[in-house]
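Chain and residue survey
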Amino acid sequence: EVQLVESGGGLVQPGGSLRLSCAASGFTFNIYAMRWVRQAPGKGLEWVSHINSGGSSTSYADSVEGRFTISRDNAKNTLYLQMNSLKPDDTAVYYCAKVWWYGSSWYYEYWGQGTQVTVSS
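Residues numbered from 1 in each chain as written. Predicted model: local features only at pLDDT ≥ 70, side-chain atom pairs only at ≥ 80, totals over all residues. Heavy atoms only, no water.

**Points about the sheet that holds strand β8 (residues 78–83)**
- Spatial ordering of the open sheet is given by β1-β3-β8-β7, a layout of four strands whose pairing is antiparallel. For this open sheet the edge positions go to β1 (3–7) and β7 (68–73), each flanked by a neighbour on one side alone. Direction aside, neighbouring strands of the sheet carry axes that sit 15° apart on average.
- The pairing of strand β3 (residues 18–25) with β8 spans six bridges and is antiparallel. Bridged to Cys22 within β8 is Leu79. (Pairing = 2+ DSSP bridges. Helix = DSSP H or I, 4+ residues; strand = E, 2+ residues; numbered from the N terminus. Axes fitted to C-alpha atoms, helices over the stretch in contact; angles between N-to-C directions.)

This is the structure we're talking about:
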């Protein structure tokens, strides 16, 4: 059974930092690209960041570029998202997702239950 379990969310003041973790199991983690996506209250899913299977290539949404860092530890089957300089607009439920390229687009095969990040003073 594929499982993706996010953790590390919480309440933080603007300008603060959090590190999210995603523990993966049930699949060969090191051959899959992974993503972080988020959903703010009343909004749809927003892509946040992407990392290739080996961790050598990363991409970020414009809204988080320069503030967030995606990484992975394939030996631990874990994906991370370091979030710095957090803003109230970063408030959302954050999900990690297992993705695969099917020739024309990335397909979100699985995602976790999410972890809540609230940025507020």
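**Some words on the state of the cysteines**
- Using the criterion set out here, one finds one disulfide in the structure.
- Disulfide pairing places Cys22 opposite Cys96 at an S-S distance of 1.9 Å. Here the disulfide of Cys22 and Cys96 is right-handed, its torsion about the S-S bond being about 55°. Remark: Cys96 occurs in strand β9 (residues 92–101) and Cys22 occurs in strand β3; sequence separation between them is 74 residues. Cys96 shares its class with Cys22; the two are buried. (Disulfide = S-S within 2.5 Å. Buried < 20%, exposed > 50% of the residue type's maximum accessible area, 1.4 Å probe, protein only.)

**Comments concerning unusual backbone geometry**
- Positive phi outside glycine occurs at Asn77, with the angle close to 50°.
- Relative to the assigned elements, Asn77 resides in the loop between β7 and β8.
- The backbone phi angle of Ser85 is positive, close to 50°, even though this residue is not glycine.
- Mapping Ser85 onto the fold places it in the loop between β8 and β9.

**Some words on the packing of aromatic side chains**
- For the structure shown, the criterion picks out five aromatic pairs.
- For the ring pair Phe27 and Tyr32, a centre distance of 5.5 Å and an interplane angle of 90° mean the geometry is edge-to-face. Neither residue differs from the other here; Phe27 and Tyr32 are each classed as buried.
- Aromatic rings pair up to connect Phe27, Phe29, Tyr32 and Trp100 into one cluster.
- The positively charged end of Arg72 is found above the aromatic ring belonging to Phe29, 4.2 Å away from the centroid.
- A cation over a ring is seen here: Lys98 above Phe27, with NZ or CZ 5.2 Å from the ring centre. (Phe/Tyr/Trp six-rings, centres within 6.5 Å; stacked < 30°, edge-to-face > 60°. Lys NZ or Arg CZ within 6 Å of the ring centre and 35° of its normal.)

**Observations regarding the nonpolar core**
- Within the largest apolar cluster, 27 residues are counted, with the highest numbers of intra-cluster contacts made by Trp36, Phe68, Leu79, Leu81, Met83 and Tyr94.
- Only β3, β4 (33–39), β5 (45–51), β7, β8, β9 and β11 (115–119) provide two or more residues apiece to this core.
- With four residues, the top contributor of residues to this core is β3.
- If near-sequence neighbours (up to four positions away) are discounted, Met83 is found in contact with Gly16, Ser17, Leu18, Leu20, Arg67, Phe68, Tyr94 and Val117. (Core = buried A, V, L, I, M, F, W, Y, C linked by side-chain atoms within 4.5 Å. Contact = heavy atoms within 4.5 Å.)

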